[in-house]
Amino acid sequence: MILTVDIGNTTICAADMEQDGRGKYTARFTARMDTVPDRSAGAYLAELRELLAEAGIRAGAFRGAVLSSVVPALEEQLRGCARTLTGTEPVVITSKSDTGLTIDLAEPDKVGRDRLVDAAWAAACFPLPVLTVDMGTATTFSVVDADRVFRGGVNAPGVATGLQAPTDRTAQLPVVELETPRHVIGRTTAGCMRSGAVAGAAALVDGITARIEAELGEPVTLVMTGGLARYVEPLCAHPHIYDPDVLLKGLALLYERNAGRTCGETCKLLVAFLANIC
């Protein structure tokens, strides 16, 4: 069993990913914590221990841990939590990790680690070229071509941002709950706002996907994921695969690809340390 930790801009998600005999990853336990950059490692560790205890999971049951982060201020804190809980050095995903992909970008270090993880899982599991759409605080599109090259993608505002922005700037617009609208044509102010945010996001996915296919010159496998995709994917016209756990599965996959490297680097550091004190 592997402890996977994803540090997002709004939420930190931790899960226990286990692989069955057919190579399928599943989670018995998934916990979400608020992303608070100035929160201490001790506070996060205490919350994680409490969540694991509630789920009936012993920290010692984990054989390893893997972590990805788009919040640098919290990476070391959660890395320490994972190390304490599992007794092993966590695999931390970066642009230099073995993802099975070639990154064809001018500044690979600036690519969100979550995008690399999504792309690695999708490229390993679905026909190429593949396009992942991760819908959370932002909506990110990531492209892997037929040669397993990560080509980049598109960043757009998140669905909730599109729903909230008019309310923040307009005196008479109400706060609207996020849900999938039954009709595109709204009959109330809230219905119009909801349609604009959710149906608009679906149109964005369909439109961007079509333009990416035109640039590549061939159709793509569209994979939708992320916490807000469940509201949008029912309205998408382009054929697609919806899996809310792409990131967690991708982290587990990349743990398997990179755990040996982490152990090897740890051994090298230990040898160097012993050589200096002997």
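Refer to the preceding data block for the structure.
Residues numbered from 1 in each chain as written. Predicted model: local features only at pLDDT ≥ 70, side-chain atom pairs only at ≥ 80, totals over all residues. Heavy atoms only, no water.

Focus: the sheet that holds strand β6 (residues 102–103)
Point 1. Spatially, the six strands line up as an open sheet ordered β6-β9-β8-β7-β10-β11, and their pairing is mixed. Both outer strands of the open sheet, β6 and β11 (241–242), are each paired with one neighbouring strand and no more.
Point 2. As paired elements, strand β7 (residues 130–135) and strand β8 (residues 138–144) share six bridges and run antiparallel to each other. Paired with Asp134 across the strands is Thr140, a residue of β8.
Point 3. Helix α3 (residues 113–125) rests against β6, β7, β8, β9 (149–157) and β10 (221–225) of the sheet, and its axis sits at about 125 degrees to β9. (Pairing = 2+ DSSP bridges. Helix = DSSP H or I, 4+ residues; strand = E, 2+ residues; numbered from the N terminus. Contact = heavy atoms within 4.5 Å. Axes fitted to C-alpha atoms, helices over the stretch in contact; angles between N-to-C directions.)

A short note on α3
Helical geometry: 3.6 residues make up each α-helical turn, so side chains three or four residues apart lie on a common side.
Point 1. With 13 residues, α3 should reach 18 Å at 1.5 Å per residue; the first-to-last C-alpha distance of 19 Å fits that figure.
Point 2. Where burial is concerned, most of α3 is hidden: 10 out of the 13 residues are buried.
Point 3. For α3, the complete set of buried residues consists of Arg113, Arg115, Leu116, Val117, Asp118, Ala119, Ala120, Trp121, Ala122 and Ala123. (Expected span 1.5 Å × (residues − 1). Buried < 20%, exposed > 50% of the residue type's maximum accessible area, 1.4 Å probe, protein only.)

Looking at the pairing of strand β2 (residues 11–19)
Point 1. With six bridges joining them, strand β1 (residues 2–7) and β2 adopt antiparallel strand pairing. Among the inter-strand pairings, Ile7 is bridged to a residue of β2, identified as Ile12.
Point 2. Where β2 and strand β3 (residues 25–34) come together, eight bridges link them in antiparallel fashion. Its bridge partner being in β3, Met17 is matched across the sheet by Ala27.

Brief notes about the packing of aromatic side chains
Point 1. This model, assessed by the stated rule, comprises one aromatic pair.
Point 2. Plain terms: the ring middles of Tyr25 and Trp121 are 6.1 Å apart, the flat faces sit at 65 degrees to each other, and that makes the pair edge-to-face. Residue Tyr25 is found in strand β3, and its partner Trp121 is found in helix α3; the two are separated by 96 residues along the sequence. (Phe/Tyr/Trp six-rings, centres within 6.5 Å; stacked < 30°, edge-to-face > 60°.)

Describing the pairing of β8
Point 1. For β8, a buried count of six out of seven residues is recorded, marking the element as mostly surrounded by other parts of the structure.
Point 2. The turn joining β7 and β8, which pair antiparallel and follow one another in sequence, is formed by two residues.
Point 3. Pairing of β8 with β9 involves seven bridges; the strand directions are antiparallel. What sits directly across from Ala138, in β9, is Pro157.
Point 4. Counting the residues in the hairpin turn of β8 and β9 gives four residues, including Arg148, whose phi is positive at 65 degrees.

Describing the nonpolar core
Point 1. Within the largest apolar cluster, 30 residues are counted, with the highest numbers of intra-cluster contacts made by Val66, Ile93, Val144 and Phe150.
Point 2. Those elements that provide at least two residues to this core are β2, α3 and α7 (246–277).
Point 3. Looking at this core element by element, the count peaks at nine residues for α7.
Point 4. The contact partners of Phe150, leaving out residues within four places of it in the chain, are Leu101, Thr102, Ile103, Asp104, Leu105, Val111, Arg115, Leu116, Ala119, Ser142, Val143 and Val144.
Point 5. In this structure, Leu163, Leu178, Leu222 and Tyr231 belong to the second largest nonpolar core, which totals 25 residues. (Core = buried A, V, L, I, M, F, W, Y, C linked by side-chain atoms within 4.5 Å.)

Some details on the sheet that holds β2
Point 1. Read across the open sheet, the five strands follow the order β3-β2-β1-β4-β5; overall the sheet is mixed. Each having just a single partner strand, β3 and β5 (91–92) make up the two edges of the open sheet.
Point 2. Its contacts with the sheet put helix α1 (residues 41–54) on β2 and β3, and the angle it makes with β3 is roughly 140 degrees.
Point 3. Along the sheet, helix α2 (residues 72–86) contacts β1, β2, β4 (64–69) and β5; its crossing angle with β4, the most-contacted strand, is approximately 170 degrees.

Re the pattern of salt bridges
Point 1. Inspection of the entire model under this criterion finds 12 salt bridges.
Point 2. With its nearest N and O atoms 3.4 Å apart, the salt bridge here joins Asp16 to Arg28. Remark: Arg28 occurs in strand β3 and Asp16 occurs in strand β2; sequence separation between them is 12 residues.
Point 3. Overall, Asp16 belongs to the buried group, its relative accessible area being 1%.
Point 4. Across the salt bridge formed by Lys249 and Asp243, the nearest N and O atoms sit 2.8 Å from each other. No difference in accessibility class separates Lys249 from Asp243, as the two residues are buried.
Point 5. Residues participating in the shared-partner salt-bridge network are Glu76, Arg79, Arg83 and Glu89. (Salt bridge = Lys/Arg side-chain N within 4 Å of Asp/Glu carboxyl O.)

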